[in-house]
Amino acid sequence: MGVMSVAIESDVCVIGGGLAGMTSALAAAETGASVRLLSHKKSTLRQASGLIDVLGYTPAGEIVAEPFEAMGSLPNHHLYQRVGSQAIHDGLALFDRVVGESYAGGHTSANALVPTYVGRIKPTARYPAMTAAGLASDRSPVLFVGFERLSAFDAPYVSASLSSDGMPAPTRGVTISAPGSHRPDTRLHRLVHALDANESVSTSTGEQPIRIALARRIESHLESAQRVGLPALLGLENAPNVRRDLEQFLGVDVFEVPMGPPSIPGQRLEHQFLDALDRAGVHRATGNPVVAFDADGDRIRRVFTDRNGSSVPYEATQFVLATGGLVGKGLDSDRTALTESVFDCHVPHPEDRTEWYGDNPHTDQPFARFGVSVDADLKPHDDSGSPEYDNLRAAGAILGGTDVTMELSASGNSLTSGVRAGRLAGERSN
Amino acid sequence: MDTKTEVLVIGGGSTGCGIARDLAMRGVAVTLVERGTLTDGTTGRMHGLLHSGGRYAVSDRESAAECISENRILREIASHCVEPTGGLFVSKPGDSEEYFERKLAGCSACDIPTELLSAEQARAIEPYLAHDIERAIRVPDAAIDPFRLCVANAAAAREHGARIETHAEVTDLLLDGDRVVGVEITHSNDNGMTGSTERIKATHVVNATGAWAGQIGAMAGVDIAVRPSKGAMTVMNCRQVDTVINRCRPKGDADIIVPHETACILGTTDVEVDDPDAFPETQWEVETMIETLSELVPILDEARTLRSFWGVRPLYEPPETKTSDPTDITRQFFLLDHADRDGLAGMTSIVGGKLTTYRLMAERISDHVCDRIGVDGVCRTADVALPGSENPMHLQEAMESFELRSPIARRSVQRLGSRSSSVLSTSDPNPVICSCEAVTRAELEDAITEVGTDLNAVRIRTRASMGNCQGCFCAHRMAALLHPDHTVETVRTSLEALYEERWRGQRHALWGEQLSQAMLTRYLHATTMNRAQSQTESSPTVAFERFDGGDERGD
């Protein structure tokens, strides 16, 4: 493999382009450091709902209304306990700066309750403005609208399930055929782009802009509904306009229910973060994995990406590891062991693979807590408790010790650790 | 509740369903009861090999001859359940040459067609075979879908008037002196009969419960010393081979790879267990299979594993035989007439045997039972096609008439056979619900109509949730199809049962890609859907007023 001789230099090098990596890069840039962000694959934000959960459940399984009041229920080793609530506020503040008016929830410290696409109610700290009219605590009547070919969102079932969970608003659900689709198995994501561009579609009453055609199909089902909930595919770039047009035609509020992958709200959020990175002057290199690194004693000097077989060196004073967990592939595993994929940091895990999992898929799973262990400065530790490297910090899903999927705290963990790791890296790089 | 039948069959596996079909076709009134769903026992937990007989050609020529004969019959009557993959017996350096020759001779003696292949010829057929293989014997092994086969037998029995009652566990045998006169069952299905008991009087009872036969026998005080033996099977995420690959050596663990639908199944181990419902699923079995079979097909070592599952062989030998090693116990089947054997009239048990010869076993039992109850019926099961296999539908026709794109239509028609037309003819949109296995809504709704809210029964009929994602992207969609015919509570309960069953097998494949998949599934179901916490919430009432009431919106 050829090696480029002149290394690309920056003060801080962040590895990983998910929520934690992008947050780290922005936080580091805010300290005045020059920042390089290396990302390999498409961001895992595309798989996330776009909701920003900070803490939804206590370890005892109680739903959390006030996340900052519930921090005391967390164990001492929890990230939130280690870094303190100011760091959580800092993470949310950075997020709020990035997303501006496109998200809601920052007006209160309380969690909001948002309907999920299988009809459960979920506590979250920040939600897209596109979803704001859908809060489950609101008492105004809702009509959920699904599409015939989109089996992931069954509107009549979502409505019945939310009612059974005690949602106070009267709800109904109907399934309609989406305007403008042609082939019987066309992917619904064509609809996202058609709504973005407000394409003209043919209907029984002639050619119409698709937003109007959709609104007309919903209109006859409205009855007394004061809000209409649709699966989250109301456009990518022009989503606010799609919603405004639907609301104007229907005369009621319209909201989106966040969906599973590929998540449109997740993609919108990714775009906003990428814009913020560009504005902050963060240099991005995308599409190539970090495959090797040079260390000098307890300091990492540079990392190498593999670009079509040639090795590209990136030199920095400080590094942030934000490569994700098992999903983002920051952790690798085979039948015998679990490893951290870039620096081979220590990842505590049982030697016996039968201890990686439990019997009930919905309760305790050791593998969900796999990740590197860190100190309060977020430096990964080796098995004796000393930092692996003096200039390496970790953020996001690569951190171990907590099952964020059960707590509903994944985004909060990424923002909190991202802002702290990025800020410390920026400050120490000068 | 009391009901009556002529013959009551206990056990909804391949043998029980085969007996029900056979007797019903002879005009006998049959009721079949199964404690879970069809195939829940051993039938649904095997590697899906339709034996050519080659496996037994050295050790047990009688079994080998039965296998090749039944193999030929099933290709005709169950064509929509069989994929004629062919099979290879492959030898590696160090494997006995003498055994290889005896295999060839044995096949020849049992009328099993063979072709001797050089290493190059074998690798031309299966390019992923190891470079050091020495030679191979080609035999007419095939892959068979045990679920589809079993369900088709039950459907045929029902067409001929049989009653098939699943989720109905036998809780007692009804005795009149030294005669069995029926059974008592307890219902656990979802048609409003849950918890109720029913006494079914019968002229004759057939105990076709395989590894569980001893438990039924004990209810009447007879000893049926089944020796259940567990075997592990590991499912790979794709077809590394398209031919059944056997290691050509005497008995041993981990010596077969069966291509099956979109996957390959590695088998197996052989360890005697005490209780067929509770035995350890151990990691060494999975490791052994991957490591040993990688000697034949090296890429298996690095390949993605979806899950592992265990089945229990209903091995039996006459009590005086006392074989110590379960791998030495015969694979023959035994008909136990309890009148002759134990002085208990009115009941016959069938133990031992294997899926490939299920029809023959059913024929022998049915002959015996007809003799006992004085019915003159002739077995016709070898000559009449099973439902779905009567009239293989042309693929092109299916694609055009159902407006499905080619891969989806192909998969649907493979599964449904000649039922394709009636199942897929729908004027409603027919989206794909399970993308991994290309299962459409119409196919799932057809299965739900047939079996109700048991999504695992729907799964085995359609293969939905059996692919790479193991239900991550489709389990909830399948469950939602139950609404509005069923309540939210039923949808949730059914979803949990499917989700837990999928988890049970996946646990044994949690490394590499499948561990990533499991974590993604967890994020999606626990976090994005919030299914985990709301499921276990002790108090369902949320204090809505304590949460964010929304910001004032300016528009």
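Everything numeric here is computed off the predicted structure, so don't read it as measured data. (Residues numbered from 1 in each chain as written. Chains lettered and ligands numbered in written order. Predicted model: local features only at pLDDT ≥ 70, side-chain atom pairs only at ≥ 80, totals over all residues. Heavy atoms only, no water.)

## Some points on the overall build of chain B
Put simply, the rule is: For helices the rule is a DSSP run of H or I covering at least 4 residues; for strands it is a run of E covering at least 2, with both sets numbered from the N terminus onward. Throughout, the radius of gyration refers to the C-alpha atoms, and the reference size of a globule is 2.2 Å times the residue count to the power 0.38. Residue contacts follow a heavy-atom distance rule, with two residues in contact if any of their heavy atoms lie within 4.5 Å. Every accessible area reported is derived by Shrake-Rupley at a probe size of 1.4 Å, with residue values counting cover from the shown protein chains alone.
In terms of helices and strands, chain B carries 18 helices and 22 strands. Relative to the 2.2 N^0.38 estimate, which gives 24 Å for 555 residues, the radius of gyration of chain B is 24 Å and therefore close to what a compact globule would have. Expressed as lengths along the three principal axes of its C-alpha atoms, the size of chain B is roughly 90 × 65 × 50 Å. Taking as baseline every contact in chain B between residues at least 6 positions apart, the subset at least 24 positions apart corresponds to 70%. Accessible area for chain B stands at about 20400 Å²; split by element, carbon and sulfur atoms hold 48% of it.

## What about the overall build of chain A?
To be explicit about the condition: Buried means the residue's accessible area, taken with a 1.4 Å probe over protein chains only, is under 20% of the maximum for its type, while exposed means over 50%, and partly exposed covers the values in between. For the charge count, each Lys or Arg is scored as positive and each Asp or Glu as negative, with His and the chain ends excluded. The atoms used to mark charge sites are NZ of Lys, CZ of Arg, CG of Asp and CD of Glu.
Scanning chain A from terminus to terminus reveals eleven helices and 19 strands. For the C-alpha atoms alone, the extent of chain A along its principal axes is close to 75 × 50 × 40 Å. Looking at chain A as a whole, 60% of its 430 residues are labelled buried. Restricting the contact set of chain A to residue pairs at least 6 apart, pairs at least 24 apart contribute 67%. Accessible surface, chain A: about 15700 Å² in total, of which carbon and sulfur atoms supply 45%. Charge-centre separation for chain A: the mean point of 37 positive side chains lies 6 Å from the mean point of 51 negative side chains.

## Considerations on the environment of Ala254 of chain B
Residues and elements named next belong to chain B. Position of Ala254 among the secondary structure elements: in the loop between β14 (244-247) and β15 (256-260). By relative accessible area, which is 2% here, Ala254 ends up buried. Each C-alpha atom, one on Ala254 and one on Glu287, is 9.8 Å from the other, the two residues being 33 residues apart in sequence. For Ala254, the contacting residues outside a window of four places in its chain are Gly267, Thr268, Thr288, Met289, Thr292 and Leu293.

## Thoughts on the domain arrangement of chain A
Residue and element names in this part refer to chain A. Heads up, the rule is: For the domains described, the bounds stem from an automatic or database domain assignment. The term buried area means the drop in 1.4 Å probe accessible area that two parts suffer when joined, counted for both and summed. Think of a salt bridge as a Lys or Arg side-chain nitrogen and an Asp or Glu carboxyl oxygen that are within 4 Å of each other. Pairing of N or O atoms within 3.5 Å defines a polar contact, subject to two protein rules: one partner must be a possible hydrogen donor and the other a possible acceptor, and residues neighboring in sequence count only if both atoms are side-chain atoms. Here the term charged refers only to Asp, Glu, Lys and Arg, the term nonpolar to Ala, Val, Leu, Ile, Met, Phe, Trp, Tyr, Cys and Pro, and the term polar to all other amino acids, Gly among them.
Examined at the domain level, chain A breaks down into domain 1 (8-101 + 267-428) and domain 2 (117-257). For domain 1 versus domain 2, the separation of C-alpha centres amounts to 34 Å. Summing the contributions of domain 1 and of domain 2, the shared interface buries around 1200 Å²; its carbon and sulfur component is 56%. Summed over the three residues of domain 1 that lose the most area to domain 2, namely Leu51, Ile52 and Arg268, the buried surface amounts to 43% of that side. Counting the contacts that link domain 1 with domain 2 gives three salt bridges. Between the two partners, domain 1 and domain 2, sit eight residue pairs in polar contact (both at pLDDT 80 or more). Elements that contribute at least two residues to the side of domain 1 that touches domain 2 include exactly α4 (85-99) and α9 (264-279). In terms of residue class, the side of domain 1 that touches domain 2 is built from nine nonpolar, five polar and four charged.

## A look at the domain arrangement of chain B
Residue and element names in this part refer to chain B. Domain annotation of chain B identifies domain 1 (2-42 + 147-227 + 328-373), domain 2 (82-142 + 229-312) and domain 3 (426-534). Each of domain 1 and domain 2 has a C-alpha centre, and these two points are 32 Å apart. With nine residues of domain 1 at the interface, the matching set in domain 2 holds nine residues. Both faces considered, domain 1 and domain 2 share a buried interface measuring about 770 Å² in area, 31% of it formed by carbon and sulfur atoms. The tally of links between domain 1 and domain 2 comes to four salt bridges. Arg148 serves as the salt-bridge partner of Glu261, at 2.5 Å between the closest nitrogen and oxygen. Applying the counting rule to domain 1 against domain 2 returns seven residue pairs in polar contact (both at pLDDT 80 or more). In terms of residue class, the side of domain 1 that touches domain 2 is built from two nonpolar, two polar and five charged.

## With respect to the sheet that holds strand β4 (residues 82-83) of chain B
Residue and element names in this part refer to chain B. We apply this condition: Pairing between strands is defined by DSSP: at least two bridges between them are needed.
In space, the three strands of this open sheet follow the order β3-β8-β4, with antiparallel pairing throughout. A single partner strand is all that each edge strand has here, and the edge strands are β3 (49-50) and β4. In the sheet, β4 pairs with strand β8 (residues 142-144) via two bridges, with the strands oriented antiparallel. Paired with Val82 across the strands is Ile144, a residue of β8.

## What to know about the pattern of salt bridges
Per the counting criterion, the structure on display carries 67 salt bridges over all chains. Measuring nitrogen to oxygen at the nearest pair gives 3.0 Å for the salt bridge that ties Arg46 of chain A to Glu270 of chain A. Note that Arg46 of chain A is positioned in the loop between β2 (35-39) and α2 (67-70) and Glu270 of chain A in helix α9, a separation of 224 residues in sequence. What makes Arg46 of chain A partly exposed here is its relative accessible area of 23%. Using a relative accessible area of 8% as the deciding quantity, one classes Glu270 of chain A as buried. Between Glu223 of chain A and Arg172 of chain A there is a salt bridge; the shortest N-O distance is 3.7 Å. One end of the pair, Glu223 of chain A, is in the loop between α7 (210-219) and β11 (227-231); the other, Arg172 of chain A, is in strand β8 (residues 171-176), with 51 residues separating them in the sequence. Taking relative accessible area as the criterion, Glu223 of chain A reaches 64% and is therefore assigned exposed. The exposure class of Arg172 of chain A is partly exposed, given its relative accessible area of 27%. The network of salt bridges with common partners includes Arg335 and Arg353 of chain A together with Glu287, Glu291 and Asp301 of chain B.

## Notes on the sheet that holds β11 of chain A
Two pairing modes exist for strands in a sheet, parallel and antiparallel, and in both the strands are linked by backbone hydrogen bonds. All names here are of chain A. Counted only if it meets this: Axis definition: a line fitted to C-alpha atoms, over the contacting stretch in the case of helices. Angles run 0 to 180 degrees between N-to-C directions.
If you trace the four strands from one edge of the open sheet to the other, you get β8-β7-β11-β12, paired in parallel fashion. Each edge of the open sheet carries a strand with a single partner, namely β8 and β12 (253-257). Pairwise comparison of adjacent strand axes, ignoring direction, gives a mean angle of 25 degrees for this sheet. Across three bridges, the pairing between strand β7 (residues 142-147) and β11 is parallel. When the sheet's bridge partners are listed, Val142 is paired in β11 with Arg227. Helix-sheet contacts for helix α5 (residues 155-164) involve β7 and β8, and the interaxial angle to β8 is about 165 degrees.

## A short note on the interface of chain A and chain B
Taken residue by residue, the interface counts 80 residues in chain A and 61 residues in chain B. Roughly 6500 Å² is buried in total at the junction of chain A and chain B, and carbon and sulfur atoms are behind 58% of that figure. Contact with chain B buries surface across chain A, with Arg120, Arg335 and His362 of chain A losing the most and accounting together for 13% of the total. Counting every contact that joins chain A to chain B gives seven salt bridges. For the salt bridge of Arg335 of chain A with Glu291 of chain B, the shortest nitrogen-to-oxygen distance reads 3.6 Å. For the pair chain A and chain B, the interface holds 28 residue pairs in polar contact (both at pLDDT 80 or more). If you list the elements that add at least two residues to the side of chain A that touches chain B, you get β4 (112-115), β5 (121-124), α5, α8 (239-250) and α10 (404-407) of chain A. The element that contributes the greatest number of residues to the side of chain A that touches chain B is α5 of chain A, accounting for five residues. Split into classes, the residues belonging to the side of chain A that touches chain B amount to 37 nonpolar, 23 polar and 20 charged.

## Some details on the packing of aromatic side chains
What counts here: When the centres of two rings from Phe, Tyr and Trp lie within 6.5 Å, Trp using its six-membered ring, the rings pair. Their planes under 30 degrees apart give stacked, over 60 give edge-to-face, and anything left gives tilted. Any Lys NZ or Arg CZ found within 6 Å of a ring centre and within 35 degrees of that ring's normal is scored as a charge over the ring.
According to the stated counting rule, one finds nine aromatic pairs over all chains in the structure shown. Centre to centre, the rings of Phe95 of chain A and Tyr103 of chain A are 5.0 Å apart; their planes meet at 85 degrees, and the pair counts as edge-to-face. Across the pair, Tyr103 of chain A and Phe95 of chain A agree in class, each one buried. Each ring, one from Phe95 of chain A and one from Phe273 of chain A, has its centre 6.1 Å from the other, and the planes form 40 degrees; the classification is tilted. Of this pair, Phe95 of chain A sits in helix α4 while Phe273 of chain A sits in helix α9; the two residues are 178 residues apart in sequence, bridging distant segments of the chain. Residue Phe95 of chain A shares its accessibility class with Phe273 of chain A, and that shared class is buried. Connected via pairs of aromatic rings, a cluster forms that spans Phe95, Tyr103 and Phe273 of chain A. Arg531 of chain B extends its terminal NZ or CZ atom over the ring of Tyr499 of chain B, reaching a point 4.7 Å from the ring centre.

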